[in-house]
Amino acid sequence: MTAHARPADAATVAARIAQLPDLSMEDLWALWDEYFDERPKHHHRTWLESRLAYRIQERAFGGLRPATRRKLEQIGETGLLPRGLRRDAHRLLPGTVLTRIFDDVEHRVLVRGSNDFEYQGQRFKSLTAIARHITGTPWSGPAFFGLKAKDGQKEMA
């Protein structure tokens, strides 16, 4: 399939994305070259896979609306969710993956259910326990993962 071909359906897109972790790095880079004009300075496999997965979906189904893209960029720059999303943050759906870069390391947490989180193969009952595990200091888990404002910071409107 070329970079501009549109998969026939969602199942085809899902199958293509599901194959990404099984590709060799050589094949992953070849796929990257199909979808992007330049190679990134990043060479972290998970990062490459996530960008390819997004691009595959974007080509098949269209990209984000400009307003949505701006809001996501704002969240990325500040690390804070808008008030409306923070109110619902305690209702994270199972399967949600929270990501935070701390000390130049990407930390990913899988929400398994209410009070059930997985980090690096270990189960935790709270995001705060995970934040404490990562930082070695008492830190609010929801604040650490950008679900609420940290003390002393302005909240996003």
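What you see is a predicted model; the values in this text were computed from it and never measured.

**Q** Please clarify how helix α6 (residues 127-135) should be interpreted in this entry.
**A** Along an α-helix, residues three or four apart share an orientation, since each turn contains 3.6 residues. Within the span of α6, buried status applies to Leu127, Ile130, Ala131, Ile134 and Thr135. Projected down its long axis, α6 shows its buried positions confined to an angular sector of 115°, all on one face. Of the surrounding secondary structure, the elements contacted by the buried residues of α6 are β1 (97-102), β2 (105-113), β3 (116-119), β4 (122-124) and α7 (141-144). Positive backbone phi, at 75°, marks Gly136, one or two positions downstream of α6.

**Q** Just checking my understanding: could you explain the pairing of β3 for this structure?
**A** Side-chain direction in a regular strand flips from residue to residue, so the side chains alternate between the two faces of the sheet. As judged from the four bridges shared by β2 and β3, these two strands associate in the antiparallel manner. Following the sheet pairing, Leu110 is matched in β3 by Glu118. Where β2 folds back onto β3 in an antiparallel hairpin, the turn is made up of two residues, including Asn115, whose phi is positive at roughly 55°. Linkage of β3 to β4, two consecutive antiparallel strands, is achieved through a turn of two residues, within which Gln120 is found at a positive phi near 50°.

**Q** Please explain the packing of helix α1 (residues 10-19) against helix α3 (residues 45-61) as it appears in this structure.
**A** Angle between the axes and distance between the axes are the two parameters that describe a pair of packed helices. One way to put it is that α1 packs onto α3 with a least axis distance of 10 Å and a crossing angle of 165°. Here α3 runs roughly antiparallel to α1, going by the angle between their axes. Crossing geometry of α1 relative to α3 is assigned as right-handed. Across the interface between the two elements, Ala10, Val13, Arg16 and Ile17 from α1 touch Ala53, Ile56, Gln57, Ala60 and Phe61 from α3. Looking at the contact of α1 with α3 residue by residue, the class counts come to seven nonpolar, one polar and one charged.

**Q** It is not clear to me how the packing of helix α2 (residues 25-35) against α3 should be interpreted in this structure. Could you clarify?
**A** Put simply, α2 and α3 touch, their axes get as near as 10 Å, and they point 40° apart. Classified by the interaxial angle, the pair formed by α2 and α3 is oblique. In terms of crossing hand, the pair formed by α2 and α3 is left-handed. Counting all contacts with α2, which are made through Met25, Leu28, Trp29, Leu31, Trp32, Glu34 and Tyr35, the residues of α3 involved are Arg45, Trp47, Leu48, Glu49, Arg51, Leu52, Arg55, Ile56 and Arg59. Here the contact of α2 with α3 is built from residues that sort into 10 nonpolar, no polar and six charged.

**Q** Is there a simple way to think about the environment of Ala131 in this case?
**A** Tracing the backbone shows Ala131 in helix α6. The residues touching Ala131, leaving out its near neighbours within four places in the chain, are Gly136, Thr137, Trp139, Ser140, Gly141 and Phe144.

What counts and what doesn't
Residues numbered from 1 in each chain as written. Predicted model: local features only at pLDDT ≥ 70, side-chain atom pairs only at ≥ 80, totals over all residues. Heavy atoms only, no water. Buried < 20%, exposed > 50% of the residue type's maximum accessible area, 1.4 Å probe, protein only. Helix = DSSP H or I, 4+ residues; strand = E, 2+ residues; numbered from the N terminus. Arc of directions from axis to C-beta. Contact = heavy atoms within 4.5 Å. Pairing = 2+ DSSP bridges. Axes fitted to C-alpha atoms, helices over the stretch in contact; angles between N-to-C directions. Parallel < 35°, antiparallel > 145°, perpendicular 65-115°, else oblique. Left-handed = near helix turned anticlockwise from the far one by under 90°. Nonpolar A, V, L, I, M, F, W, Y, C, P; charged D, E, K, R; others polar.

Limitation: the analysis is restricted to geometry and does not speak to function.
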